[in-house]
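# A look at the structure
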Amino acid sequence: MGLVLASGLSVHSGAAVAATLFPYAGIWSVVAIRLTVGALLLLAVCRPALRGRSRADWAVIGAFGLALTAMNTVFYEAIERIPLGPAVTIEVLGPLTLSVIAARRRSAWLWAGLAVAGVLLLGRGGFDRLNWLGVVLALAAGVCWASYIVLSSRAGASFPKADGLALAMGVAAVLSLPLGIAGAGPGLLEPRVLVLGCAVAVLSSVLPYSLELIALRRLPTATFAVLMSLGPAIAAGAGWAILDQALNATELAAIVLVVAASIGAVQTAPAPRPAAKEPVLVGE
């Protein structure tokens with residue numbers, strides 16, 4: 001359980017550190033650094049085989065890489081405009097909706113309603129101060145996250161271990177590099193920016209994946225999923241500690257409601273198939 005919580009702390013701390021780099025390097029450049037460094041590390045560790053794959057397998061990897069690029073870019077655009085905690089709270093509606101649909105049970109919609117109530121309560125805390133464009137971008141990141149989960153499952157069924165993720169990260173790096181170079185800020189080549197960019201890649205991709213992989217060998221999948229549902233609360237803590245983003249009582253209550261809805265949706269979801277025991281990384 002400690003490994004899963006450490007993974008969540010790593011992911012959201014990485015997002016907070018990334019937000020500090022936006023004024024110096026630009027969002028697209030930070031995305032490119034994260035995905036490129038993450039891809040190089042994962043490819044070096046996994047060394048996936050390239051031969052013997054069908055066109056369908058490569059189509060999944062291509063779509064998976066595109067989803068990774070879109071998810072990271074849109075989410076970073078969102079957290080430039082709204083605090084990290086509310087952004088993750090809104091983003092988590094994507095995978096939560098996917099869980100509710102997959103459950104195919106009427107009771108699952110109760111949890112969806114609780115999540116909507118949480119987001120509406122978050123709005124009472126001040127959607128006007130959150131920035132509407134940031135809210136829309138966080139919702140779009142949630143859609144990308146849901147797509148990422150579906151494609152991650154398909155890649156996990158066709159490729160052993162983390163090979164599918166490593167290859168998809170490689171595709172994402174190739175897709176993001178032109179945008180990163182085009183949108184490079186004046187401080188992109190500063191040592192501090194490059195070092196922190198590499199830290200973001202490790203914190204947001206490599207380290208959490210490793211921690212989750214070890215944790216899944218010791219934890220039931222349902223317990224793992226419940227702990228992952230604490231993401232919005234952990235993100236709020238990371239935003240407060242690293243970015244000095246304080247939240248009011250109403251916003252904190254909204255985050256608690258969405259976390260409760262996520263945990264309830266996990267408990268309602270059908271048991272996963274044995275072959276699908278592949279960790280799903282947090283989108284940001």
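Every value quoted in this text rests on a predicted model; they were computed, and no experiment measured them. (Residues numbered from 1 in each chain as written. Predicted model: local features only at pLDDT ≥ 70, side-chain atom pairs only at ≥ 80, totals over all residues. Heavy atoms only, no water.)

## Observations regarding the overall build of the protein
Within the protein, the secondary structure is distributed over 13 helices and zero strands. Going from the N terminus to the C terminus, the protein shows its helices and strands as α-α-α-α-α-α-α-α-α-α-α-α-α. With 284 residues in all, the protein has 52% of them scored as buried. In the form shown here, the protein has an accessible surface area of approximately 12800 Å², with 69% of it arising from carbon and sulfur atoms. (Helix = DSSP H or I, 4+ residues; strand = E, 2+ residues; numbered from the N terminus. Buried < 20%, exposed > 50% of the residue type's maximum accessible area, 1.4 Å probe, protein only. Areas by Shrake-Rupley, 256 points an atom, 1.4 Å probe, with all protein chains shown as cover.)

## So, helix H8 (residues 132-158)
An ideal rise of 1.5 Å per residue puts 39 Å on 27 residues; H8 measures up with 39 Å between its terminal C-alpha atoms. With a side-chain oxygen positioned 2.9 Å from the backbone nitrogen of Leu133, the residue opening H8 is Asn131. (Expected span 1.5 Å × (residues − 1). Polar contact = N/O pair within 3.5 Å; in protein donor to acceptor, adjacent residues only side chain to side chain.)

## Section: the environment of Gly94
Its place among the elements puts Gly94 in helix H5 (residues 93-103). For Gly94, a relative accessible area of 14% translates into the label buried. A C-alpha to C-alpha distance of 5.0 Å links Gly94 and Val143, two positions 49 residues apart in sequence.

## Focus: the packing of helix H1 (residues 2-25) against helix H10 (residues 191-216)
Orientation of H1 relative to H10, taken along the N-to-C sense of each, is 160°, at an axis distance of 8 Å. In terms of orientation, H1 and H10 fall into the roughly antiparallel class. As H1 runs across H10, the sense of the crossing is left-handed. Partitioning the contact of H1 with H10 into residue classes produces 19 nonpolar, five polar and two charged. (Axes fitted to C-alpha atoms, helices over the stretch in contact; angles between N-to-C directions. Parallel < 35°, antiparallel > 145°, perpendicular 65-115°, else oblique. Left-handed = near helix turned anticlockwise from the far one by under 90°. Nonpolar A, V, L, I, M, F, W, Y, C, P; charged D, E, K, R; others polar.)

## Some thoughts on H1
For H1, spanning 24 residues, the distance from its first C-alpha to its last is 34 Å, which sits close to the expected 34 Å at 1.5 Å a residue. The sharpest bend along H1 measures roughly 25° and falls at Ala19, with the proline Pro23 sitting one to four residues further on. (Bend = angle between axes of the 7 residues up to and from the residue.)

## Looking at the environment of Ala108
Summarising the element assignment, Ala108 is placed in helix H6 (residues 106-124). Distance in space between the C-alpha atoms of Ala108 and Gln267 is 9.2 Å, their sequence separation being 159 residues.

## Some points on the packing of aromatic side chains
For any two aromatic rings, the description comes down to two numbers: the centre-to-centre distance and the angle of the planes. Under the criterion given, the structure shown has four aromatic pairs. Relative to Phe159, the ring of Trp58 lies with its centre 6.4 Å away and its plane at 65°, an arrangement referred to as edge-to-face. Of the two residues, Trp58 is situated in helix H3 (residues 55-79) and Phe159 in the loop between H8 and helix H9 (163-182); the sequence distance between them amounts to 101 residues. Take Phe159: its relative accessible area is 3%, and that puts it in the buried class. Between Phe75 and Tyr76, the ring centres sit 6.4 Å apart and the planes meet at 50°, which makes this aromatic pair tilted. This pair shows no difference in class: Phe75 is buried, exactly as Tyr76 is. Cluster of aromatic residues (ring-pair linked, three or more members): Phe22, Phe75 and Tyr76. (Phe/Tyr/Trp six-rings, centres within 6.5 Å; stacked < 30°, edge-to-face > 60°.)

## As for the pattern of salt bridges
In this structure the tally under the stated criterion is two salt bridges. Note that Arg81 and Glu77 form a salt bridge whose closest N and O atoms lie 2.9 Å from each other. Put simply, Glu77, Glu80 and Arg81 are held in one network by salt bridges that share partners. (Salt bridge = Lys/Arg side-chain N within 4 Å of Asp/Glu carboxyl O.)

## Here's the deal with the side chain of Ser13
Here Ser13 shows up in helix H1. Overall, the relative accessible area of 14% leaves Ser13 in the buried class. When residues no more than four places from it in sequence are discounted, the contact partners of Ser13 are Ala238 and Ile242. (Contact = heavy atoms within 4.5 Å.)

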